[in-house]
Amino acid sequence: MQAVFCCIQRSSVLGKSSRFEFHDQLVSRMAAANGADLDQMTQEGNVSPEDRDAAVVACMGCTDTDGCQAHLRALRSGTPDFCRNRDLMDQWSK
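Residues numbered from 1 in each chain as written. Predicted model: local features only at pLDDT ≥ 70, side-chain atom pairs only at ≥ 80, totals over all residues. Heavy atoms only, no water.

What follows covers the pattern of salt bridges. Inspection of every chain in the model, using the stated rule, returns 3 salt bridges. Salt-bridge contacts for Arg 52 lead to Asp 39; the nearest nitrogen and oxygen are separated by 2.8 Å. Of this pair, Arg 52 sits in helix H4 (residues 49-60) while Asp 39 sits in helix H3 (residues 38-43), and the two are 13 residues apart along the sequence. The salt bridge involving Asp 81 is made with Arg 86; its shortest N-O contact spans 3.0 Å. On the accessibility criterion, Arg 86 (30% relative accessible area) is partly exposed. What you see here is one network of salt bridges that share partners, running through Asp 24, Asp 39 and Arg 52. (Salt bridge = Lys/Arg side-chain N within 4 Å of Asp/Glu carboxyl O. Helix = DSSP H or I, 4+ residues; strand = E, 2+ residues; numbered from the N terminus. Buried < 20%, exposed > 50% of the residue type's maximum accessible area, 1.4 Å probe, protein only.)

Okay, here's the thing in structure tokens:
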């Protein structure tokens, strides 16, 4: 129940920023491309909402979201070299 509350609280605190949501989806999709279900990991408490938010904020600072999206569209495994969350993706995929 706490995980659900955290997600609800997280949404209300962050508001409905379309830019944040866009990057949250990129982070989730990149995690999935590396074999990690970020939503499930967050709900189970394996990834804190704060850590997930930090990953999204790092993603928001990326200058190559087109390259990221191309990587995901090509269904490549692994994380691109330029990804600001590369180490984190490796950690989450274990």
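Next comes the rest of the description.
To continue, consider the nonpolar core. In this structure, Val 27, Ala 31, Leu 38, Met 89 and Trp 92 are the most contacted members of the largest nonpolar core, which totals 17 residues. Those elements that place two or more of their residues in this core are helix H2 (18-33), H3, H4, helix H5 (65-73) and helix H6 (86-92). At 5 residues, the largest contribution of residues to this core is made by H2. (Core = buried A, V, L, I, M, F, W, Y, C linked by side-chain atoms within 4.5 Å.)

A few words on H2. Between its first and last C-alpha atoms H2 spans 22 Å; for 16 residues at 1.5 Å apiece the expected length is 22 Å, and the two agree. If you check which residues of H2 are buried, you get Phe 20, His 23, Asp 24, Leu 26, Val 27, Ser 28, Met 30 and Ala 31. Following H2 by one or two positions, Gly 35 has its phi on the positive side, about 85°. (Expected span 1.5 Å × (residues − 1).)

Further remarks concern the confidence of the model for the protein chain. Chain-level pLDDT for the protein chain is 86 on average; 83% of the residues reach the 70-or-more range. When mean pLDDT is taken per element in the protein chain, H4 scores highest with 96 and helix H1 (residues 2-14) scores lowest with 43. For residues 1-14, every residue scores under 50 in pLDDT, and the model assigns this stretch 12 contacts once sequence neighbours within four places are set aside. (pLDDT = per-residue confidence, 0-100. Contact = heavy atoms within 4.5 Å.)

What follows deals with unusual backbone geometry. Located in the positive-phi region is Leu 75, a residue other than glycine, with phi close to 55°. Tracing the backbone through its elements, the reader meets Leu 75 in the loop between H5 and H6.

All right, on to the packing of H2 against H5 then. Their axes nearest at 10 Å, the elements H2 and H5 cross at an angle of 40°. Here H2 is positioned oblique relative to H5, judged by the angle of their axes. Crossing of H2 over H5 shows left-handed handedness. Across from Phe 22, His 23, Leu 26, Arg 29, Met 30 and Ala 33 in H2, the residues of H5 making contact are Thr 65, Cys 68, Gln 69, His 71, Leu 72 and Arg 73. The residue inventory of the contact of H2 with H5, partitioned by class, reads 6 nonpolar, 4 polar and 2 charged. (Axes fitted to C-alpha atoms, helices over the stretch in contact; angles between N-to-C directions. Parallel < 35°, antiparallel > 145°, perpendicular 65-115°, else oblique. Left-handed = near helix turned anticlockwise from the far one by under 90°. Nonpolar A, V, L, I, M, F, W, Y, C, P; charged D, E, K, R; others polar.)

Before going further, it helps to examine H4. Here H4 is 12 residues long and its end C-alpha atoms lie 16 Å apart, about the 16 Å a rise of 1.5 Å per residue gives. Within H4, the full set of buried residues consists of Pro 49, Arg 52, Asp 53, Ala 55, Val 56, Cys 59 and Met 60. Within H4, the buried residues cover an arc of 155° as seen down the axis, which keeps them to one side. In H4, the exposed positions angled more than 90 degrees off the buried face are occupied by Glu 50 and Val 57. (Arc of directions from axis to C-beta.)

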